[in-house]
Amino acid sequence: QVQLVESGGGLVQAGGSLRLSCAVSGRTFSSYVMAWFRQAPRKEREFVAGVKWSGGSIYYADSVKGRFTISRDNGKKTVYRQMNSPRPEGTAVYYCAVATGAYSSDHRTYEYWGQGTQVTVSS
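Each value, and the rule that gives it
Residues numbered from 1 in each chain as written. Predicted model: local features only at pLDDT ≥ 70, side-chain atom pairs only at ≥ 80, totals over all residues. Heavy atoms only, no water. Helix = DSSP H or I, 4+ residues; strand = E, 2+ residues; numbered from the N terminus. Buried < 20%, exposed > 50% of the residue type's maximum accessible area, 1.4 Å probe, protein only. Contact = heavy atoms within 4.5 Å. Areas by Shrake-Rupley, 256 points an atom, 1.4 Å probe, with all protein chains shown as cover. Lys, Arg positive; Asp, Glu negative; His and termini not counted. Charge placed at Lys NZ, Arg CZ, Asp CG, Glu CD. Salt bridge = Lys/Arg side-chain N within 4 Å of Asp/Glu carboxyl O. Pairing = 2+ DSSP bridges. Axes fitted to C-alpha atoms, helices over the stretch in contact; angles between N-to-C directions. Phe/Tyr/Trp six-rings, centres within 6.5 Å; stacked < 30°, edge-to-face > 60°.

A. Spotlight on the overall build of the chain. Across its full length, the chain carries 0 helices and 11 strands. Ordering the α and β elements of the chain from the N terminus gives β-β-β-β-β-β-β-β-β-β-β. Among the 123 residues that make up the chain, the fraction classed as buried is 41%. At a minimum sequence separation of 6, the contacts of the chain that also span at least 24 residues come to 55%. Accessible area of the chain: about 6300 Å², with a carbon and sulfur share of 45%. Side-chain charges of the chain comprise 15 positive and 8 negative groups, with the mean position of each set lying 4 Å from the other.

Dropping the structure here:
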């Protein structure tokens, strides 16, 4: 099994910054993708950013390019998501997820999920 534990959520002012962390433990894979998704009330879960653990290719949703940064620490098996200049519409539960196949922005292809962490952006 794979366990994902997110941390770092909370209240942030629009224009501020916030960093989320996701630590992965348990079964390991030779190649996998770790990604962040978010889900606002009454909305679909949407892709935010992802990174291939092997090779380090990085992907961003157009809505966050230039403002959010995803990075990883191989030794700690942790992925980070730095939010700069968040916007009120970014208020959502943010989830960390792992896919053992190829990269995809479709949440249905991700097999393992964290419990989610609430991020509220005040205006």
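B. The side chain of Arg81, seen in detail. Along the polypeptide, Arg81 turns up in strand 8 (residues 78-84). Glu46 is the oppositely charged side chain nearest to the buried, salt-bridge-free Arg81, at an N-O distance of 9.4 Å. In this structure, Arg81 is in contact with Leu18, Arg19, Leu20, Trp36, Val48, Phe68, Thr69 and Tyr94, ignoring residues within four places of it in sequence.

C. Representation of the sheet that holds strand 8 in the model. Read across the open sheet, the 4 strands follow the order 1-3-8-7; overall the sheet is antiparallel. Here the strands that pair on one side only, and so sit at the sheet edges, are strand 1 (2-7) and strand 7 (68-73). For this sheet, the mean inter-axis angle between neighbouring strands, taken without regard to orientation, is 15 degrees. The pairing of strand 3 (residues 17-26) with strand 8 spans 7 bridges and is classified as antiparallel. Looking at strand 8, one finds that Arg19 is bridged to Gln82.

D. Structural context of the packing of aromatic side chains. With the rule as written, the count across this model stands at 8 aromatic pairs. Aromatic side chains Phe37 and Phe47 sit 5.7 Å apart centroid to centroid with 75 degrees between the ring planes, which places their arrangement in the edge-to-face category. Here Phe47 lies in strand 5 (residues 46-52) and Phe37 lies in strand 4 (residues 33-39), a separation of 10 residues in the sequence. Each member of the pair, Phe37 as well as Phe47, is classed as buried.

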